[in-house]
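# Chains, contacts and geometry: an overview
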Amino acid sequence: MIHSIERITELLSEIKHPETGKDIVTLGIVQNIETENNIIAMNLVFKPNDAFVSSIKRAVEEKIKPVFPDAELRILNLKRQSPKLPKKEYPDIHIKNIIAIASGKGGVGKSTVSVNLASVLAQRGFKTGLLDADVYGPSIPTMLAMNDVRPVMIERDGFELIEPVEKFGIKCLSIGFFLNPDDAVIWRGPAATGALRQFAKQCNWDGLDFLVVDLPPGTGDVHLTVTQELDVTAAIIVTTPQKVALADVVRGTNMFRNKDINVPVAGLIENMAWFTPAELPDNRYYIFGKDGGKRMAEETGIPFLGEIPIVQSIRESGDAGVPAVLNGSVIADAFQKILDGLLQQPVIKK
Ligand code: ADP
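Residues numbered from 1 in each chain as written. Predicted model: local features only at pLDDT ≥ 70, side-chain atom pairs only at ≥ 80, totals over all residues. Heavy atoms only, no water.

### Overview of the site of the ligand
Around the ligand lies a shell of 16 residues, among which Gly-107, Lys-110, Ser-111, Thr-112 and Pro-309 are the nearest. Val-108 is positioned such that a nitrogen or oxygen atom in its backbone is 3.1 Å from an oxygen atom of the ligand. Asn-271 places a side-chain nitrogen or oxygen 2.9 Å from a nitrogen atom of the ligand. Relative to its unbound accessible surface of 560 Å², the ligand loses 82% to contact with the protein. Elements with a contribution of two residues or more to the shell around the ligand: helix H3 (110-123), strand S12 (265-275), strand S13 (304-310) and helix H9 (312-320). Residues that form the shell around the ligand fall into these classes: eight nonpolar, six polar and two charged. (Near = heavy atom within 4 Å. Polar contact = N/O pair within 3.5 Å; in protein donor to acceptor, adjacent residues only side chain to side chain. Areas by Shrake-Rupley, 256 points an atom, 1.4 Å probe, with all protein chains shown as cover. Helix = DSSP H or I, 4+ residues; strand = E, 2+ residues; numbered from the N terminus. Nonpolar A, V, L, I, M, F, W, Y, C, P; charged D, E, K, R; others polar.)

### Looking at the domain arrangement of the chain
In terms of domain boundaries, the chain breaks down into domain 1 (5-80) and domain 2 (95-343). Distance from the C-alpha centre of domain 1 to the C-alpha centre of domain 2: 33 Å. At the interface, 14 residues of domain 1 touch 15 residues of domain 2. Taken over both partners, the interface formed by domain 1 and domain 2 buries close to 1200 Å², and the fraction arising from carbon and sulfur atoms is 59%. The interface formed by domain 1 and domain 2 holds zero salt bridges in total. (Domains from an automatic or database assignment. Contact = heavy atoms within 4.5 Å. Buried area = accessible area lost by both parts, 1.4 Å probe. Salt bridge = Lys/Arg side-chain N within 4 Å of Asp/Glu carboxyl O.)

### A closer look at the sheet that holds strand S2 (residues 39-46)
The strand order across the open sheet formed by three strands is S1-S2-S3, and the pairing between neighbours is mixed. Each end of this open sheet is capped by a strand with a single partner; those strands are strand S1 (30-36) and strand S3 (72-79). Strand-to-strand twist across the sheet, computed as the mean angle between neighbouring axes with direction ignored, equals 15°. Pairing analysis gives eight bridges linking S2 to S3, with the strands arranged parallel. Note that in S3 the partner of Ile-39 across the bridge is Glu-72. The strands that helix H1 (residues 5-12) touches are S1 and S2; relative to S1, the one it contacts most, it runs at about 140°. Lying over the sheet, helix H2 (residues 53-67) contacts S2 and S3, oriented at roughly 155° with respect to S3. (Pairing = 2+ DSSP bridges. Axes fitted to C-alpha atoms, helices over the stretch in contact; angles between N-to-C directions.)

### Describing the packing of H1 against H2
Look at H1 against H2: their axes get within 9 Å of each other, and the N-to-C directions meet at 135°. Comparing the axis directions of H1 and H2 gives the class oblique. Where H1 crosses over H2, the handedness of that crossing is right-handed. Within the contact between the two elements, H1 uses Arg-7, Ile-8, Leu-11 and Leu-12 and H2 uses Val-60, Lys-63, Ile-64 and Val-67. (Parallel < 35°, antiparallel > 145°, perpendicular 65-115°, else oblique. Left-handed = near helix turned anticlockwise from the far one by under 90°.)

### Details of the pattern of salt bridges
All chains considered together, the criterion is met by 15 salt bridges. Taking the shortest distance from any N to any O, the salt bridge between Arg-197 and Glu-229 comes out at 2.7 Å. Of this pair, Arg-197 sits in helix H5 (residues 189-201) while Glu-229 sits in helix H6 (residues 221-229), and the two are 32 residues apart along the sequence. Between Asp-260 and Lys-259 there is a salt bridge, with the nearest N and O atoms lying 3.9 Å from each other. Its relative accessible area of 58% is what places Asp-260 among the exposed residues. For Lys-259, a relative accessible area of 71% puts it in the exposed group. Linked through salt bridges whose partners overlap, the residues forming this network are Lys-110, Asp-134 and Asp-214. (Buried < 20%, exposed > 50% of the residue type's maximum accessible area, 1.4 Å probe, protein only.)

This is the structure we're talking about:
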């Protein structure tokens, strides 16, 4: 089914905002309409305290449904900053260290590393936040059993801010908090980066020692948005020992070193480095090869922060919504060492 963005815009311009009598397209409430297959996605951006948010959302659904009966409609409501405060676009938010967790490919354990690193940071008493920027497949809500969470807006210094939701001592925010769990993977392009910009700039992250940012795999728009909107201190690259995964490390490193992004790469973590079966605890099986990550770190000049074995309980913890390091897992030691290594990097602010 081909949706015409023009036709959708035309339909929505028939909806009047009851307060002003002007249509919601002219008012700039409708933004970033996108269509893909049978999905129609858009952002509705309201001014703070707009009393008509739900009635307008309903009106949008009622306009689109009869014309595109087979379409799946995805609407993300966002809040516009109060127009009464034009002096500054965003409030000052001080975060000591912003650490972006990246990987060349999906499925190498980037989110697992993000969640467990944030957990050990919080355990050691650092004020820690976790931003799930993996807008195409947010897994943090599942990994922290936060699928039903809905963040609230608060006011600080005259700005409306999203209040992150605290779990295990970590202040968390994910686009998944604003979607149904089954809806993931559809935010692309401007709709995703628009939401992410708001998460970066209009979220109450102030006062954090560390904000861990779980990036999507690969390289792309989201990486640009995150590095433009947030003053990223350093990136960590997660890989598995396979050759292909390591080739992706080089690509990822080059992206961060690119002059437009220019973020220091503070370390490489090798995940799934070996397998130890529970019944043979002294045996290590190097399924994907040995020391690949270490060698790659040497070749690229990136500090090697450590290796994490394949342990069944890591996946089980992720699925159960409790970070493995808080669950008595054998990988707790590995993450403590990784954190020690990270804290020694000169870019990290104490
Ligand atoms: P990514 O964020 O790179 O896509 P995830 O962190 O979501 O990867 O991990 C993919 C899957 O692999 C998840 O089910 C996770 O629980 C599992 N996993 C990750 N690291 C390990 C590990 N070291 N041992 C066992 N399972 C792991």
